[in-house]
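# Analysis of the macromolecular model
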Amino acid sequence: MRIDLSLVIPVFNEEDNLPHLYKRIIATLGTCKETFEMVFINDGSKDNSLNILKGLRERDGRVKIVNLSRNFGHEIATSAGLRYAKGDAVIVMESDLQRPPELIPELIAKYREGYDIVCAL
């Protein structure tokens, strides 16, 4: 079963983490069969996060950016990302690598087992 996957990733001042996060997502999903997009929501970052995201988008058409006008908080940023996500399944991730992208295949496996909601603790 092939699914289209959207990663919704709120971002607030994560310039140091974004390149590492992107590389780890690509490395992890490179072993999966799913097509995917990465929807990054810039939640009013004051650092260079937005420019880094723009650079990623220039190199990779799977990178989407939602740029909020100011910091609204994690929940609002996540909601905005969910509105823009096009995938059949959505994984919400933190941009600070709190939960490693390497968990994505396990989440997909649970989805394939029939779970509607899967959470990485």
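Below or above, wherever it landed, is the structure these notes cover. (Residues numbered from 1 in each chain as written. Predicted model: local features only at pLDDT ≥ 70, side-chain atom pairs only at ≥ 80, totals over all residues. Heavy atoms only, no water.)

### Brief notes about the pattern of salt bridges
When charged atoms on two side chains of opposite charge get close, those side chains can pair. Throughout the structure, instances matching the rule amount to five salt bridges. When the shortest N-O distance is used, the salt bridge between Arg-99 and Glu-94 registers 2.9 Å. Classification of Arg-99 as partly exposed rests on a relative accessible area of 28%. Of the residues examined, Glu-94 reaches a relative accessible area of 19% and is grouped as buried. (Salt bridge = Lys/Arg side-chain N within 4 Å of Asp/Glu carboxyl O. Buried < 20%, exposed > 50% of the residue type's maximum accessible area, 1.4 Å probe, protein only.)

### Topic: the pairing of strand β4 (residues 89-92)
Here β4 shows a buried face lined by Ala-89 and Ile-91 and an unburied face lined by Val-90 and Val-92. Taken together, the four bridges between strand β1 (residues 4-11) and β4 define a ladder with parallel strand orientation. Pairing of Leu-7 across the sheet is with Ile-91, part of β4. (Helix = DSSP H or I, 4+ residues; strand = E, 2+ residues; numbered from the N terminus. Pairing = 2+ DSSP bridges.)

### A short note on the environment of Leu-50
Assignment of secondary structure puts Leu-50 in helix α2 (residues 49-59). In this structure Leu-50 comes out as buried when scored by relative accessible area, which is 19%. Each C-alpha atom, one on Leu-50 and one on Glu-14, is 9.3 Å from the other, the two residues being 36 residues apart in sequence. If we ignore the near neighbours within four places in the chain, the residues touching Leu-50 are Asn-42, Ile-65 and Asn-67. (Contact = heavy atoms within 4.5 Å.)

### Details of the layout of surface pockets
Roughly 460 Å³ of volume is contained in the largest pocket. Around the largest pocket, the lining comprises 23 residues; the ones closest to its centre are Ile-91, Val-92, Leu-107, Val-118 and Cys-119. Going through the elements one at a time, β4 and α4 (104-112) are the ones with two or more residues in the lining of the largest pocket. Taken together, the residues of the lining of the largest pocket sort by class into 19 nonpolar, no polar and four charged. (1 Å grid on protein atoms, 1.4 Å probe; cavity = no way out; pocket = protein on both sides within 12 Å on 5 of 7 lines; lining within 4 Å. Points joined across faces, edges and corners; volume = space filled by probe spheres on them. Nonpolar A, V, L, I, M, F, W, Y, C, P; charged D, E, K, R; others polar.)

### Structural notes on the sheet that holds strand β2 (residues 35-42)
Strand order in this open sheet of four strands is β3-β2-β1-β4, and the pairing throughout is parallel. Sheet topology places β3 (63-67) and β4 at the edges, where each strand pairs with a single neighbour. Strand-to-strand, the axes of this sheet are offset by a mean angle of 20°, without reference to chain direction. Of the pairings in the sheet, the one linking β1 to β2 comprises eight bridges and is parallel in character. When the bridges of β2 are listed, Leu-7 appears paired with Met-38. Across the face of the sheet, helix α1 (residues 18-29) comes into contact with β1, β2 and β3 while running at roughly 165° to β2. (Axes fitted to C-alpha atoms, helices over the stretch in contact; angles between N-to-C directions.)

### With respect to the packing of aromatic side chains
Applying the stated criterion to the full structure yields zero aromatic pairs. For Arg-70, the ring lying beneath its charged end belongs to Phe-72, and the centroid distance is 4.0 Å. (Phe/Tyr/Trp six-rings, centres within 6.5 Å; stacked < 30°, edge-to-face > 60°. Lys NZ or Arg CZ within 6 Å of the ring centre and 35° of its normal.)

### Side note on helix α3 (residues 74-84)
Among all positions of α3, only Ala-77, Thr-78, Ala-80 and Gly-81 are buried. Relative to the axis of α3, the buried residues are bounded by an arc of 160° and lie together on one face. Exposed residues lying more than 90 degrees from the buried face of α3 are Glu-75 and Arg-83. Buried residues along α3 sit against β1, β2, β3 and β4. (Arc of directions from axis to C-beta.)

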